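# What the coordinates show
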Amino acid sequence: MLENQEQFINLVKEKNKNKNLKYSILTMGCQLNENDSEKLAGMLEEMNFTQINDYKNADLIVFNTCCVRENAEERLFGKIGEIKKIKENKNVILAIGGCMMQEKNMLDKMKSSYPFVDIIFGTHTMQNFPEDVYKAIQNNEKVKDIIDIDGEIYEGLPIKRNSKFKASVTIMYGCNNFCSYCIVPYVRGRERSRKPEKILEEVKSLALEGYKEITLLGQNVNSYKGNDKIKNFADLLNEVCKIEGIERVNFISPHPKDFTDDVIDAIKNNEKISRIIHLPLQAGNSKVLKEMNRKYTKEQYLNLAQKMLDEIPGLTLSTDIIVGFPGETEEEFEDTLDVVRKINFEQIFMFIYSEREGTVASRRKDQIPDEIKHKRFNKLKELYESRVDENNKKYIGTNQKILIEGQSKYNNETFEGRTSTNKVVIIDKNDNYKVGDSVKVKIVEDHRWYLKGKVV
Ligand code: SF4
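Everything numeric in this text was worked out from a predicted model, so none of it was measured.

## Considering the environment of E299
Along the chain, E299 falls in helix 11 (residues 298-311). Sequence-wise, E299 and E385 are 86 residues apart; in three dimensions their C-alpha atoms are separated by 24 Å.

Written out as structure tokens, the structure reads:
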């Protein structure tokens, strides 16, 4: 934590004494944003604010925005409109940060159309948040704290985690890949890796606190760069898996072009690493992939996926697919379906292409009409769903280790947990185990979106 920020924490803390002030954070987007929100929550708790879910009753509201999908903007503006009304009757500090605020056009729009927003901060200035809050409270100042250049890495920010047994650990920031549809490299800057010793220190302290499952985060985790001893992502995985107490290790998101043999070996040799690996495909046609600037062909993707499935027993794959990229023909879309038929993905996150201003793809004239995009999306969804039941059947009669995450949303009398392949399993509640426990279960039924297990 920056020393000067500690001063601001103390100043705000003093001001908030005996006031019982509440804060609420609304987070959009990916797990990296979730992790940033946990750090914002950590700082706010130190400033004597208490977290509540209902933002309408909060004294300070933070929006941690995402700019990856178009509808995120609509959601944000809708919510700001609601908060404007609340602000008319009550003194509420409104802070908006995250990726969207790093976009020049968005920032201009915020300044001209929403002048009542108290704090606007970017992805590279989150560590200054205590100072921003202090200025907004003390001077009633509108604070804009954004820098365009790549941010530095700040260690030691306070953090208030959402779970007591699962934690995310960011290992790197930014992205160098410039996929032609993606805004992330423009708003998150170039790749910066955290020092391996800092990452391992964080995981070790999480293990001591009783955390069992760790997810290593980054926009492109397998291009992680370490030091002389822990050189790359494979080395880092091996070291994280050695930490006692940590039972399960996930990572998100890797890039197929950087999926080297040593990472495959690390997964194979470490049972702690989840048996579901996310391998974003995006499109199944080599021409479309080239235009997306993904740096692999359909054949290279298929070879890599098959190699991983062959070499790592019990492995399953999940993926991201975008349908309706500019210029995508029906035939080219069929290639995507072909890959889905060949690689039996356990999970597919499907997206309809949406234009992000400032990206290469958004400047193309051959955008696909919405109707065609929706048709293709439905066709892909149908194919994926037709395979879910078949995929579930392979679990029946098998023993699986699950980590109990809480009460099931499917049935009040049951707990819910996940297998190492991220399948939801429900088990009957029993006094012998509780949330956060790892239990061995035998899978007895499949119910499409979850499995039923019996503790063995
Ligand atoms: S790898 Fe591509 S899709 Fe992922 S964040 Fe970087 S540019 Fe975006």
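## Remarks on the packing of aromatic side chains
Counting across every chain of the model gives nine aromatic pairs. Geometrically, the ring pair formed by F121 and F129 is tilted, given 5.1 Å between the ring centres and 50° between the ring planes. Residue F129 is classed as buried on the basis of its relative accessible area, which comes to 0%. Considering the side-chain rings of F325 and Y353, the 5.6 Å spacing of their centres and the 75° angle between planes classify their relative orientation as edge-to-face. Placement of F325 in the loop between strand 13 (316-323) and helix 12 (330-342) and of Y353 in the loop between strand 14 (347-352) and helix 13 (370-393) is noted, with a sequence separation of 28 residues between them. The pair F325 / Y353 is uniform in exposure class, with both members buried. Aromatic ring contacts, followed pair by pair, group F77, Y114 and F116 into a single cluster. Of note, K429 hangs over the ring of F415, and the distance from its end group to the ring centre comes to 5.6 Å.

## So, the site of the ligand
Every residue close to the ligand is listed here: C175, N177, F178, C179, Y181, C182, V184, P185, Q219, H255 and R294. By residue class, the composition of the shell around the ligand is seven nonpolar, three polar and one charged.

## A closer look at helix 12
The terminal C-alpha atoms of helix 12 lie 19 Å apart, and with 13 residues this matches the ideal 18 Å at 1.5 Å per residue to within 8%. Those residues of helix 12 that sit buried are E332, F333, T336, L337, D338, V339 and V340. Those residues of helix 12 that are buried are in contact with helix 10 (286-291), helix 11, strand 13, strand 14 and helix 13.

## Thoughts on the domain arrangement of the protein chain
By the assigned domains, the protein chain splits into domain 1 (3-145), domain 2 (163-274), domain 3 (308-391) and domain 4 (399-455). Spacing between the C-alpha centres of domain 2 and domain 3 amounts to 26 Å. In this assembly, nine residues from domain 2 lie in contact with twelve residues from domain 3. Both sides together, the interface formed by domain 2 and domain 3 hides about 1000 Å², and carbon and sulfur atoms give 72% of it. When the area that domain 2 buries against domain 3 is broken down by residue, the three leading residues are S180, Y181 and I264, summing to 50%. Between the two partners, domain 2 and domain 3, sit one salt bridge. The interface formed by domain 2 and domain 3 contains two residue pairs in polar contact (both at pLDDT 80 or more). Sorting elements by how many residues they give to the side of domain 2 that touches domain 3 places helix 9 (residues 261-269) first, with three residues.

## Topic: the nonpolar core
For soluble globular proteins, the rule of thumb is that nonpolar side chains tend to be buried together. Counting residues in hydrophobic clusters, the biggest one holds 71 residues, and the most contacted among them are L216, F233, F251 and F259. The dominant element in this core, judged by the number of residues it contributes, is helix 8 (residues 233-241), at six residues. Both of domain 2 (163-274) and domain 3 (308-391) provide at least three residues apiece to this core. In contact with F259, not counting residues within four places along its chain, are N222, F251, P254, I264, I267, I277, L279, L304 and M308. Ranked by size, the runner-up nonpolar core spans 30 residues in total, among them L26, F63, I80 and I83.

## Concerning unusual backbone geometry
Trans peptide bonds make up most of the peptide bonds, and negative phi angles are found at most residues other than glycine. Here the residue pair I252 and S253 is connected by a cis peptide bond, since its omega of 0° sits within 30 degrees of zero. As for its placement among the helices and strands, S253 is situated in the loop between strand 11 (248-252) and helix 9. A positive phi angle, close to 50°, is found at F178, a residue other than glycine. Considering the arrangement of structural elements, one finds F178 in the loop between strand 8 (172-173) and helix 6 (184-188). Relative accessible area serves as the criterion here: at 29%, F178 is assigned to the partly exposed category.

## Brief notes about the side chain of N250
Its location among the elements puts N250 in strand 11. With sequence-adjacent residues up to four places away left out, N250 is seen in contact with E213, I214, T215, L216 and S274.

## Digging into the sheet that holds strand 3 (residues 60-65)
Taking strand neighbours across the sheet as the criterion, the six strands line up as 2-1-3-4-5-6 in an open arrangement whose pairing is parallel. Here the strands that pair on one side only, and so sit at the sheet edges, are strand 2 (50-51) and strand 6 (143-145). As paired elements, strand 5 (residues 119-121) and strand 6 share three bridges and run parallel to each other. Across the sheet, I120 pairs through a bridge with K144, a residue of strand 6.

## Section: the sheet that holds strand 12 (residues 276-278)
Taken together, three strands build an open sheet; the order of strands is 12-13-14 and the sheet is parallel. Looking at which strands have only one partner, the edges of the open sheet turn out to be strand 12 and strand 14. On average, each strand axis in the sheet is tilted by 20° relative to the strand beside it, whichever way the strands run. Of the pairings in the sheet, the one linking strand 13 to strand 14 comprises six bridges and is parallel in character. In the sheet register, T319 faces strand 14, and the bridge partner there is I348. Of the strands in this sheet, strand 12 and strand 13 touch helix 11, which is tilted by about 160° from strand 13.

Criteria and thresholds
Residues numbered from 1 in each chain as written. Predicted model: local features only at pLDDT ≥ 70, side-chain atom pairs only at ≥ 80, totals over all residues. Heavy atoms only, no water. Helix = DSSP H or I, 4+ residues; strand = E, 2+ residues; numbered from the N terminus. Phe/Tyr/Trp six-rings, centres within 6.5 Å; stacked < 30°, edge-to-face > 60°. Buried < 20%, exposed > 50% of the residue type's maximum accessible area, 1.4 Å probe, protein only. Lys NZ or Arg CZ within 6 Å of the ring centre and 35° of its normal. Near = heavy atom within 4 Å. Nonpolar A, V, L, I, M, F, W, Y, C, P; charged D, E, K, R; others polar. Expected span 1.5 Å × (residues − 1). Contact = heavy atoms within 4.5 Å. Domains from an automatic or database assignment. Buried area = accessible area lost by both parts, 1.4 Å probe. Salt bridge = Lys/Arg side-chain N within 4 Å of Asp/Glu carboxyl O. Polar contact = N/O pair within 3.5 Å; in protein donor to acceptor, adjacent residues only side chain to side chain. Core = buried A, V, L, I, M, F, W, Y, C linked by side-chain atoms within 4.5 Å. Pairing = 2+ DSSP bridges. Axes fitted to C-alpha atoms, helices over the stretch in contact; angles between N-to-C directions.

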